[in-house]
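# Structural description and commentary
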Amino acid sequence: MKTNWKRILVWAVLFALIILSILQCNRQIRSNHEKQLVENLRIVTNQSVKTIETELYAQEARLQSMVAEAETTINRGASTDEIIRSLNSLNQLSGFKRVGYADKDGHAATTDGFHGELRDFSFFQKSVKGETVITGTIMDTMGTTEPINVLSAPVYLQNREICGIVYATYRNEAFQRLFDIDSFETAGSNCIVDEESKVISGTENLPFDSNKDTLFSFLESLGPDAADTMGEYYKRGERPDQLYFRVDGSGESDYYLYYQALDMGQVHNQWYVVTIVSAETLHKEVSKTMGAISAMLFEIIALVVISFILFAYDITSMDRKQRKELEKIAYTDPLTGGNNYAYFKEKVSKDDRIGYLVSMDIHSFKMINSVCGNEKGDEVICQIHQWICETVAPEDLVAHVNADRFVMFFPRLDKDVVIDKLTQINHKIIREMKHVDVPQLSAYYGITRLERGDSVEKAFSDANFARDSIHEKKDIFYSFFDRYATQHVLEEKKMEDSFDEAIAKHEFEVWYQPKISPDTQKIVGAEALVRWRRADGSLVSPNKFIPLFETNGMIRILDEYVFREVCKEQKELLDKGCSLFPISVNLSRASLYSMNLVERYKEITQQIGVVPEMVPIEITESATADDGPIQTLAEDFHKAGFPLHMDDFGTGYSSLSSLNSLHFDTLKLDKSLIDYIGNFGGDQLIKHTIALAKDLGMHVTAEGVEDEKQVAFLQQLKCDSIQGFYYSRPLSALEFEKRYAGVQN
Ligand code: C2E
Ligand code: MG
Ligand code: MG
């Protein structure tokens, strides 16, 4: 979700940047366009100026040739009629409406036969003073009243005195045509104005009525600011040679103006060429360009975006494909082609469903590999995988973990259904294996319940634990995970881990249980029994840790430790002058075969200073089944002076033959046998066992004696000593010394 927002933000910023750059580009184009326009205005105006100037020179030259003709004629002393005649011949080709000559008093005669007075005309007044002038539009007074324009110049006598003027009259239309120039392909308008900004000639599309308004009055009509630029000059009585400005009228009436002075040659008055383009026209042009450019930009952007999307799609689809392939590789078991554990874990975790997770293993599968070869082994695994898949329902999940291990998930809550499925798998394996040329196989399973939110990893390890717990038990093929069993294993692990420290810190305490003679009711011996005082002060019974230490070999250290402690105790009692009795020490079956056992024990007695007779060794009866080695060991102990007690006789492993084959000094009848007292068969068994032991020269100690009846029975059978709660429970060293060794603490 977070990533999506980030992506949206990135895209938004990207689009904003694109829009901004389009706007910026737009502004840039407008400004460039405006610059371009000004330049165009300048060029167009310049061209117009050049064209007009050329025309003006031509007209002027034509007039000057007539003036020259008139001067020649006058200097010859010719009359006005003669002057007119000579002018008339020149006028044939000129295209003037008429040409005329006026003397210095203003009496004029024309080539089209008119006579009149020019005294009041301004062009006459200026030309008679020596100026060549050209008028704006004035009204004809000779024959017609049409609008005309007049070009006039002075005529000099040989003595450089002015004798009159020659003037040429244009029909206003013809005059207009002479100076009519198109600008901006009719998008703009063009005019020639005089110094008073009166229009001399102009295109038809001028934005004002040139008959009524001057250029300046037009600008004034646009608003107070509009005329300012020109107004400044006008106020100063100046006329700029060249001027560009934008007229900001209101709204639509914005104009761009270019104003340039004409080189009038000998003509005395001053004209200006003005090109006017409306801002609206310009904007239309710009908008058109902008529209085209924007469309192009958008097309480019759209193309870029589409290409990007296609590219991204391509990449992601490639990515998806690759990911799918990678996932396939990552989640497929290379051997069976089915799911592997990674897939199983992912799928079960993702679905977060409840049900039963089953870990499966095959008994003695290694045998297949070693007997038939790994290839055959792999083949069998694939077949088993297939049989499992054929048996489970489509919603169940199966995966091959490694070697001969599989894991399954049953998304259901009825454990009987799960067990039924496992039974079916087992039957199928047994049935199908008959057709496969390998030894028979059977599977066993560990099952655990998976609740919502449980870790699949943990459930799998629980199921493995349950499965391993029945590894040795061929008669059961499934086991449910039991939390307490795990706890037990954890406790055992803790005990293992803290063993060395416990030995170093003397956490193992030796307790003593007396052996009492039923005849004298006096103590004749004791058995040393170990306890573990944990750091929290609690006392742990040997049944909790002895079996564990027997499996991991630590018992050898513990047995030797206890033996040494008992030796020290005997030495202490000896030193205190107490009367001694033998204190027997247990030697575990697992300790029996440690290197130089007898020598080491003997050495300990010597080091501490006690005789071996005072520390008899108890060996459990079941250990005596290992014929050869135990016999040698028993002999070695005897040779070293240690009396030997056969412990736990009657626990089920006992055989009477062991009594004969091995030389033990004392036979300890186990509590389980003693408990038979009062039962006829039991009584007989005990009676004969005691008798047999006695016949073989052994002493007999009865263990686990708890009541008087038992004591009486054993006394009657001449049992040598009794060890049991009837007399005393095992006691701490202090308590024992106080009660039985007469030590005053
Ligand atoms: P064990 O060697 O057969 O010791 C006799 C066990 O019977 C002792 O249990 C003792 O407390 C118990 N017992 C004696 N009289 C009675 C009675 O009247 N009623 C009942 N219910 N029980 C009675 P404990 O001390 O719990 O020791 C259990 C076993 O642990 C021992 O059986 C022995 O096999 C083993 N063990 C104890 N200490 C050592 C040791 O230092 N080394 C080795 N290897 N094993 C030891
Ligand atoms: Mg014992
Ligand atoms: Mg015993």
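Because the structure is a prediction, the values reported are computed rather than measured.

Rules of the game
Residues numbered from 1 in each chain as written. Chains lettered and ligands numbered in written order. Predicted model: local features only at pLDDT ≥ 70, side-chain atom pairs only at ≥ 80, totals over all residues. Heavy atoms only, no water. Near = heavy atom within 4 Å. Polar contact = N/O pair within 3.5 Å; in protein donor to acceptor, adjacent residues only side chain to side chain. 1 Å grid on protein atoms, 1.4 Å probe; cavity = no way out; pocket = protein on both sides within 12 Å on 5 of 7 lines; lining within 4 Å. Sits in = over half its atoms within 2 Å of the grid points. Helix = DSSP H or I, 4+ residues; strand = E, 2+ residues; numbered from the N terminus. Nonpolar A, V, L, I, M, F, W, Y, C, P; charged D, E, K, R; others polar. Buried < 20%, exposed > 50% of the residue type's maximum accessible area, 1.4 Å probe, protein only. Pairing = 2+ DSSP bridges. Axes fitted to C-alpha atoms, helices over the stretch in contact; angles between N-to-C directions. Donors = N, O, S within 2.8 Å, 3.2 Å for Na, K, Ca; no water. Points joined across faces, edges and corners; volume = space filled by probe spheres on them. Parallel < 35°, antiparallel > 145°, perpendicular 65-115°, else oblique. Left-handed = near helix turned anticlockwise from the far one by under 90°. Contact = heavy atoms within 4.5 Å.

Attention now goes to the site of ligand 1. Around ligand 1, 24 residues are found, and the nearest of them are Arg531, Asp559, Asp647, Glu706 and Phe725. Measuring from an oxygen atom of ligand 1, one finds a side-chain N or O atom of Glu527 at 2.9 Å. Taking a 2 Å distance to the grid points as the criterion, the majority of the atoms of ligand 1 fall inside the largest pocket. Counting residues per element, the ones that place at least two in the shell around ligand 1 are β19 (523–533), α14 (542–552), α15 (555–575) and β23 (644–649). With four residues, the top contributor of residues to the shell around ligand 1 is β19. Classifying every residue of the shell around ligand 1 gives nine nonpolar, six polar and nine charged.

The next point concerns unusual backbone geometry. Within the chain, Ser364 stands out as a residue other than glycine whose phi angle is a positive 50°. Mapped onto the elements of the fold, Ser364 is located in the loop between β13 (355–362) and α9 (365–372). Located in the positive-phi region is Gln521, a residue other than glycine, with phi close to 60°. Here Gln521 shows up in the loop between β18 (508–516) and β19. What makes Gln521 partly exposed here is its relative accessible area of 44%.

Strand order across the open sheet formed by five strands is β14-β15-β13-β16-β17, with mixed pairing between neighbours. Strands at the two margins of the open sheet, each flanked by one partner only, are β14 (397–402) and β17 (478–480). With strand direction ignored, the average angle separating the axes of adjacent strands in the sheet is 20°. Of the strand pairs in this sheet, β13 and strand β15 (residues 405–410) are connected by five bridges, and their pairing is antiparallel. Across the sheet, the residue bridging to Tyr356 is Phe410, located in β15.

Coordination of the magnesium ion (ligand 3) by the protein is provided by Asp647 (OD), Asp648 (OD) and Glu703 (OE), with metal-donor distances spanning 2.2 to 2.4 Å. Linear spacing of the donor residues for the magnesium ion (ligand 3) on their chain is D-D-x54-E. Between the magnesium ion (ligand 3) and the magnesium ion (ligand 2) the interatomic distance amounts to 3.9 Å, and Asp647 serves as a bridging ligand to the pair. Of this pair, Asp648 sits in strand β23 while Glu703 sits in strand β25 (residues 699–703); the two residues are 55 residues apart in sequence, bridging distant segments of the chain.

Moving on, we come to empty space enclosed by the protein. The full count for this structure, using the stated rule, is two cavities of 30 Å³ or more. Estimates place the volume of the largest cavity at around 80 Å³. Every residue lining the largest cavity is counted, 13 residues in all, and those nearest its centre are Leu118, Phe123, Asp140, Thr141 and Ile148. For the lining of the largest cavity, the secondary-structure elements that each account for two or more residues are β5 (138–139), β6 (147–156) and β7 (162–171). For the lining of the largest cavity, the class distribution of residues is nine nonpolar, two polar and two charged.

The next subject is the packing of helix α13 (residues 483–504) against α14. Viewed as axis vectors pointing N to C, α13 and α14 meet at an angle of 70°, and their least axial separation amounts to 11 Å. The angle between α13 and α14 places the two elements in the roughly perpendicular class. At the point where α13 passes α14, the crossing takes the right-handed sense. The residues of α14 that touch α13, namely those facing Glu492, Met495, Glu496 and Phe499, are Lys544, Phe545, Leu548, Phe549 and Asn552. Here the residues of the contact of α13 with α14 sort into five nonpolar, one polar and three charged.

Our next topic: the coordination of the magnesium ion (ligand 2). Taken together, the protein ligands of the magnesium ion (ligand 2) are Glu527 (OE), Asn586 (OD1), Glu618 (OE) and Asp647 (OD), with distances of 2.0 to 2.3 Å. Mapping the donors of the magnesium ion (ligand 2) onto the primary sequence gives the spacing E-x58-N-x31-E-x28-D. A relative accessible area of 24% means that Asn586 is categorised as partly exposed.

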